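# Architecture and fold: a report
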Amino acid sequence: MMKKLFLLILSAFFMFSFWSCTTEVTITENSDGIIDISFSGAAGQAFAKMISSTSDSDSQNDSVIFETDQIKYELLKSGFSNVDVKSKTGSDLQISMQEKTKNTFLYKSGLFSGSNKLKITLSPKELTEFYKLADEQIILFLDLLLAPIFNDEVMSQEEYLETIASFYGESASKEISESNIKINLTDKNNQTKTFSFPIAQLLTLQETIILENK
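All residue numbers here refer to positions counted from 1 along the written sequence of the relevant chain. Local features in this predicted model are restricted to residues whose pLDDT is 70 or higher, and side-chain atom pairs enter the listing and the counts only when it is 80 or higher, whereas totals over whole chains, interfaces and linings include all residues. Excluded from the side-chain calculation are hydrogens and water; included are all heavy atoms of the structure.

Put simply, DSSP marks the helices as runs of H or I at least four residues long and the strands as runs of E at least two long, and each gets a number from the N terminus on. Counting through the fold element by element, T121 comes out in strand 6 (residues 119-122). It only takes one pair of heavy atoms within 4.5 Å for two residues to be counted as in contact. When neighbours within four sequence positions are excluded, T121 is seen to be in contact with G110, L111, E126, T208, I209 and I210.

Further remarks concern the sheet that holds strand 5 (residues 112-113). Pairing between strands requires that DSSP locate at least two bridges from one strand to the other. The sheet built from three strands is open, its strands ordered 5-6-9 with antiparallel pairing. In this open sheet, the two edge strands, each paired with only one partner strand, are strand 5 and strand 9 (209-211).

On to helix 3 (residues 68-77), then. Turning to helix 3, its buried residues are I71, E74 and L75. Buried residues in helix 3, looked at end-on, bunch into an arc of 100°, giving them a common side. Opposite its buried face, helix 3 presents the exposed residues D69 and K77, each directed more than 90 degrees away. Looking one or two residues beyond helix 3, the residue adopting positive phi is G79, at roughly 110°. Any residue under 20% of the maximum accessible area for its type is buried, any over 50% is exposed, and the rest in between are partly exposed; the area is computed with a 1.4 Å probe on protein chains only. In this description, one arc is meant: the one made by directions from the helix axis to the C-beta atoms.

Salt bridges are identified by distance alone: a Lys or Arg side-chain nitrogen within 4 Å of an Asp or Glu carboxyl oxygen. The final tally for this structure, using the stated rule, is three salt bridges. For E24, the salt bridge identified is with K182, shortest N-O distance 3.7 Å. With E24 in strand 1 (residues 22-29) and K182 in strand 7 (residues 180-186), this residue pair connects regions lying 158 residues apart in the sequence. Owing to a relative accessible area of 30%, E24 belongs among the partly exposed residues under this scheme. Judged by relative accessible area, K182 falls into the partly exposed class, the value being 28%. One salt bridge in this structure joins D84 and K86, with 3.9 Å as the shortest N-O distance. When its relative accessible area of 33% is taken as the criterion, D84 is described as partly exposed.

The next subject is the packing of helix 7 (residues 157-168) against helix 8 (residues 170-177). For the pair helix 7 and helix 8, the least separation of the axes is 7 Å and the interaxial angle reads 145°. From helix 7, Y160, L161, I164, A165 and Y168 reach across to helix 8, where they touch E170, A172, S173, I176 and S177. Gly is put with the polar residues, along with every residue not named as nonpolar or charged; the nonpolar set is Ala, Val, Leu, Ile, Met, Phe, Trp, Tyr, Cys and Pro, and the charged set is Asp, Glu, Lys and Arg. Its residues assigned to classes, the contact of helix 7 with helix 8 comprises seven nonpolar, two polar and one charged. Where helices are involved, their axes are fitted lines through C-alpha atoms of the stretch in contact, as for all axes, and angles between N-to-C directions lie from 0 to 180°.

Definition used in this section: a nonpolar core is a set of buried Ala, Val, Leu, Ile, Met, Phe, Trp, Tyr and Cys residues joined via side-chain atoms within 4.5 Å. By size, the foremost hydrophobic cluster in this structure holds 47 residues, and its most contacted members are I27, F112, F150 and L211. For this core, the element with the highest residue contribution is helix 9 (residues 199-203), accounting for four residues.

Our next topic: the pairing of strand 2 (residues 35-42). Side-chain alternation along strand 2 places I35, I37, F39 and G41 on a buried face and D36, S38, S40 and A42 on a face that remains uncovered. Note that strand 2 and strand 4 (residues 92-99) share eight bridges and pair antiparallel. Residue G41 lies in a different strand from strand 4, and its bridge partner there is L93.

Ring pairs shown here join Phe, Tyr and Trp side chains whose ring centres sit within 6.5 Å, with only the six-membered ring taken for Trp; geometry is labelled stacked below 30 degrees between planes, edge-to-face above 60, and tilted in between. All chains considered together, the criterion is met by two aromatic pairs. Residues Y107 and F112 carry aromatic rings whose centres are separated by 5.8 Å and whose planes lie at 85° to one another, so their mutual orientation is edge-to-face. Taken individually, Y107 and F112 each receive the classification buried, so the pair is uniform in this respect. Where F167 meets Y168, the ring centres are 6.5 Å apart and the plane angle is 55°; that geometry is what we call tilted. Accessibility expressed as a relative area gives 57% for F167, which makes it exposed. Taking the relative accessible area as the measure of exposure, Y168 reaches 28% and is therefore partly exposed.

Spelled out as structure tokens, the structure:
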């Protein structure tokens, strides 16, 4: 189902162009090697409408675009542990879970790496690999983003926003232009470093960005 696949993308942290304002992700590396992951965000009106229109859900409430039980099932199936998924309004989302195996798609795609110290790598190579690992339905959904990062294209942020505006309207383009992702990375010594990026930067990424606590 389209909604459950969307959440797999959310779990990978980098397909957040559906979100308005700031999406926050907290990643905590524990001394036993287990990684705690939490996510909090809310869909902007323009993209919430688009997500709802592409969903094959049987829900009678158009405002409900996230089905928490199905999301939890899919994340558990993908190898995450202690998964908790909540949505207060149907268009917001809070997820907490643990990565214990280092065998989920976060590691397989190369986004996460490191045996003793967690490193997150954002680059065209890793994000393209994530795209290739996805199944046909996920790819179909990712294609809705029109993001050059998944199509081996080079495009400026301005050009990308113009493309979004031409396909989905100015309101969708505005949502993306005003959206950011904040990543809080806490190491085994309980030291936290915060990184923040515009969504449009990630979807048009041309360089390699390394996130780690040194």
